[in-house]
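Next come the chains, spelled out residue by residue.
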Amino acid sequence: MLSPLAYGLAIVLSLFIAFIGVRFLVAPRASAAGYGVPAAEHGGDPAYLTIKGVRDFTYGLVGLALIAFTSADAVAWFMLVVAVAPLADTVIVLRHGGTRATAFGIHFATALVVLLDAALLFAL
(Lines give C-alpha, C1' and ligand atoms only; values in the text may rest on other atoms or scores of the structure.)
Protein backbone atom coordinates (compact mmCIF):
# COMPACT_ATOMS: atom_id res chain seq x y z
CA MET A 1 0.00 0.00 0.00
CA LEU A 2 2.86 2.43 0.75
CA SER A 3 4.58 1.79 -2.55
CA PRO A 4 2.07 3.56 -4.85
CA LEU A 5 1.75 6.45 -2.39
CA ALA A 6 5.50 6.85 -1.89
CA TYR A 7 6.33 6.62 -5.58
CA GLY A 8 3.32 8.70 -6.62
CA LEU A 9 4.35 11.48 -4.26
CA ALA A 10 7.96 11.27 -5.49
CA ILE A 11 6.77 11.61 -9.09
CA VAL A 12 4.52 14.57 -8.26
CA LEU A 13 7.29 16.31 -6.31
CA SER A 14 9.83 15.74 -9.10
CA LEU A 15 7.45 16.97 -11.80
CA PHE A 16 6.52 19.99 -9.70
CA ILE A 17 10.12 21.06 -9.10
CA ALA A 18 10.90 20.59 -12.80
CA PHE A 19 7.87 22.80 -13.60
CA ILE A 20 9.09 25.47 -11.17
CA GLY A 21 12.49 25.37 -12.88
CA VAL A 22 10.93 25.86 -16.30
CA ARG A 23 8.79 28.68 -14.93
CA PHE A 24 11.90 30.47 -13.60
CA LEU A 25 13.45 30.17 -17.06
CA VAL A 26 10.34 31.40 -18.90
CA ALA A 27 8.91 33.98 -16.46
CA PRO A 28 11.72 34.78 -14.00
CA ARG A 29 10.30 37.91 -12.36
CA ALA A 30 6.85 36.42 -11.75
CA SER A 31 8.50 33.28 -10.42
CA ALA A 32 10.71 35.25 -8.06
CA ALA A 33 7.65 37.02 -6.68
CA GLY A 34 5.97 33.63 -6.13
CA TYR A 35 9.14 32.38 -4.45
CA GLY A 36 8.76 35.14 -1.87
CA VAL A 37 11.59 37.49 -2.80
CA PRO A 38 10.62 39.62 -5.79
CA ALA A 39 13.33 40.51 -8.29
CA ALA A 40 14.11 44.17 -8.89
CA GLU A 41 12.38 45.52 -11.98
CA HIS A 42 15.43 47.52 -13.02
CA GLY A 43 18.95 46.44 -12.29
CA GLY A 44 20.00 43.38 -10.41
CA ASP A 45 21.42 40.31 -12.06
CA PRO A 46 18.86 38.11 -13.83
CA ALA A 47 21.49 35.37 -14.04
CA TYR A 48 20.54 34.31 -10.50
CA LEU A 49 16.96 33.71 -11.59
CA THR A 50 18.24 31.56 -14.46
CA ILE A 51 20.48 29.65 -12.06
CA LYS A 52 17.46 28.89 -9.86
CA GLY A 53 15.53 27.72 -12.89
CA VAL A 54 18.27 25.40 -14.07
CA ARG A 55 18.85 24.08 -10.53
CA ASP A 56 15.19 23.24 -9.97
CA PHE A 57 14.70 21.75 -13.44
CA THR A 58 17.77 19.57 -12.92
CA TYR A 59 16.56 18.38 -9.50
CA GLY A 60 13.25 17.41 -11.06
CA LEU A 61 14.90 15.45 -13.87
CA VAL A 62 17.28 13.67 -11.50
CA GLY A 63 14.35 12.70 -9.29
CA LEU A 64 12.44 11.28 -12.26
CA ALA A 65 15.51 9.39 -13.50
CA LEU A 66 16.07 7.86 -10.07
CA ILE A 67 12.41 6.85 -9.83
CA ALA A 68 12.58 5.21 -13.25
CA PHE A 69 15.92 3.44 -12.98
CA THR A 70 16.88 2.80 -9.34
CA SER A 71 15.56 1.48 -6.05
CA ALA A 72 13.29 3.03 -3.45
CA ASP A 73 16.31 3.51 -1.18
CA ALA A 74 18.11 5.59 -3.82
CA VAL A 75 15.02 7.76 -4.34
CA ALA A 76 14.63 8.09 -0.56
CA TRP A 77 18.22 9.27 -0.14
CA PHE A 78 17.72 11.74 -2.99
CA MET A 79 14.58 13.13 -1.33
CA LEU A 80 16.34 13.36 2.02
CA VAL A 81 19.24 15.31 0.52
CA VAL A 82 17.09 17.48 -1.74
CA ALA A 83 15.01 18.60 1.27
CA VAL A 84 17.93 20.91 2.07
CA ALA A 85 16.87 23.20 -0.81
CA PRO A 86 13.39 24.14 0.48
CA LEU A 87 14.76 24.40 4.03
CA ALA A 88 17.37 26.86 2.77
CA ASP A 89 14.69 28.64 0.73
CA THR A 90 12.75 29.16 3.98
CA VAL A 91 15.73 30.94 5.51
CA ILE A 92 16.43 32.92 2.33
CA VAL A 93 12.87 34.25 2.17
CA LEU A 94 12.94 35.23 5.86
CA ARG A 95 16.34 36.94 5.58
CA HIS A 96 15.43 38.92 2.47
CA GLY A 97 12.15 40.51 3.47
CA GLY A 98 9.70 37.82 2.43
CA THR A 99 6.68 37.01 4.53
CA ARG A 100 6.59 34.32 7.18
CA ALA A 101 3.51 32.92 5.43
CA THR A 102 5.49 32.34 2.25
CA ALA A 103 8.58 31.05 4.05
CA PHE A 104 6.69 28.54 6.16
CA GLY A 105 3.56 27.98 4.09
CA ILE A 106 5.42 27.25 0.87
CA HIS A 107 9.07 26.43 1.47
CA PHE A 108 9.05 24.83 4.93
CA ALA A 109 5.86 22.92 4.11
CA THR A 110 7.51 21.63 0.93
CA ALA A 111 10.52 20.47 2.93
CA LEU A 112 8.22 18.56 5.30
CA VAL A 113 6.42 16.86 2.40
CA VAL A 114 9.75 15.90 0.81
CA LEU A 115 10.96 14.49 4.14
CA LEU A 116 7.71 12.60 4.57
CA ASP A 117 8.16 11.09 1.12
CA ALA A 118 11.73 10.10 2.01
CA ALA A 119 10.42 8.34 5.14
CA LEU A 120 7.75 6.51 3.12
CA LEU A 121 10.34 5.41 0.56
CA PHE A 122 12.72 4.20 3.27
CA ALA A 123 9.84 2.15 4.73
CA LEU A 124 9.41 0.16 1.50
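Note that the structure is predicted; figures quoted are calculated from it, not measured.

Student: Please clarify how the packing of aromatic side chains should be interpreted in this entry.
Tutor: Describing an aromatic ring pair means giving the distance of the ring centres and the angle of the ring planes. For the structure shown, the criterion picks out four aromatic pairs. Ring geometry for Phe 24 against Tyr 35: centres 6.5 Å apart, planes inclined by 85°, an arrangement best described as edge-to-face. With Phe 24 in helix H1 (residues 2-26) and Tyr 35 in helix H2 (residues 28-35), the pair connects residues that are eleven residues apart, well separated along the chain.

Student: Explanation requested: the UniProt feature "transmembrane region" (unreviewed entry) in the protein in the structure shown.
Tutor: Following the UniProt record, the feature "transmembrane region" (unreviewed entry) maps to residues 6-26, 59-84 and 104-123 here. Across residues 6-26 one finds 100% helix and 0% strand; the C-alpha atoms that close the span lie 30 Å apart.

Student: When you look at the packing of H1 against helix H3 (residues 47-69) in this model, what are you seeing that I'm missing?
Tutor: Each pair of packed helices can be summarised by the angle the axes make with each other and by the distance between the axes. Two elements in contact, H1 and H3, have axes whose closest approach is 7 Å; the angle formed by their N-to-C orientations is 155°. Overall, the two elements H1 and H3 adopt an arrangement that is roughly antiparallel. Once H1 is placed against H3, the crossing between them reads as left-handed. Packed against H1, whose contacting residues are Tyr 7, Ala 10, Ile 11, Ser 14, Leu 15, Ile 17, Ala 18, Ile 20, Gly 21, Val 22, Phe 24 and Leu 25, the element H3 presents Leu 49, Thr 50, Lys 52, Gly 53, Val 54, Asp 56, Phe 57, Tyr 59, Gly 60, Gly 63, Leu 64 and Ile 67 at the interface. A per-class count over the contact of H1 with H3 returns 16 nonpolar, six polar and two charged.

Student: Is there a simple way to explain the side chain of Asp 56 in this structure?
Tutor: Checked against the element boundaries, Asp 56 lands in helix H3. With a relative accessible area of 1%, Asp 56 lands in the buried category. In contact with Asp 56, not counting residues within four places along its chain, are Ile 17, Ala 18, Ile 20 and Gly 21.

Student: What's the story with the environment of Pro 86 in this structure? I'm lost.
Tutor: Its location among the elements puts Pro 86 in helix H5 (residues 84-95). Between the C-alpha atoms of Pro 86 and Ser 31, which are 55 residues apart in sequence, the distance is 15 Å. Beyond its immediate stretch of four places on either side in the chain, Pro 86 contacts His 107, Phe 108, Thr 110 and Ala 111.

Student: Just to check I follow, could you spell out the nonpolar core for this structure?
Tutor: Formed by 16 residues in total, the largest nonpolar core has its most connected members in Ala 10, Val 75, Phe 78, Met 79, Val 114 and Leu 121. Breaking this core down by element, the ones donating at least two residues are H1, H3, helix H4 (72-82) and helix H6 (100-123). The element that contributes the greatest number of residues to this core is H4, accounting for six residues. Beyond its immediate sequence surroundings of up to four residues, Phe 78 is in contact with Tyr 59, Val 62, Gly 63 and Leu 66. Listed in part, the six residues of the second largest apolar core include Phe 24, Tyr 35, Leu 49 and Val 93.

Student: What's the story with a nonpolar patch on the surface in this structure? I'm lost.
Tutor: There is a patch of nonpolar side chains on the surface, built from Trp 77, Leu 80, Val 81, Leu 87, Leu 94, Phe 104, Phe 108, Leu 112, Leu 115 and Phe 122 and spanning about 840 Å² of accessible area. Looking at the nonpolar patch, the elements with two or more residues in it are H4, H5 and H6. The dominant element in the nonpolar patch, judged by the number of residues it contributes, is H6, at five residues. Secondary-structure assignment places Phe 122 in helix H6.

About the thresholds
- Residues numbered from 1 in each chain as written.
- Predicted model: local features only at pLDDT ≥ 70, side-chain atom pairs only at ≥ 80, totals over all residues.
- Heavy atoms only, no water.
- Phe/Tyr/Trp six-rings, centres within 6.5 Å; stacked < 30°, edge-to-face > 60°.
- Helix = DSSP H or I, 4+ residues; strand = E, 2+ residues; numbered from the N terminus.
- UniProt positions renumbered as here; feature names shortened; annotations may be inferred.
- Axes fitted to C-alpha atoms, helices over the stretch in contact; angles between N-to-C directions.
- Parallel < 35°, antiparallel > 145°, perpendicular 65-115°, else oblique.
- Left-handed = near helix turned anticlockwise from the far one by under 90°.
- Contact = heavy atoms within 4.5 Å.
- Nonpolar A, V, L, I, M, F, W, Y, C, P; charged D, E, K, R; others polar.
- Buried < 20%, exposed > 50% of the residue type's maximum accessible area, 1.4 Å probe, protein only.
- Core = buried A, V, L, I, M, F, W, Y, C linked by side-chain atoms within 4.5 Å.
- Patch = residues over 30% accessible without salt bridge, like charges linked within 9 Å, V, L, I, M, F, W, Y side chains within 5 Å.
- Areas by Shrake-Rupley, 256 points an atom, 1.4 Å probe, with all protein chains shown as cover.
- Salt bridge = Lys/Arg side-chain N within 4 Å of Asp/Glu carboxyl O.

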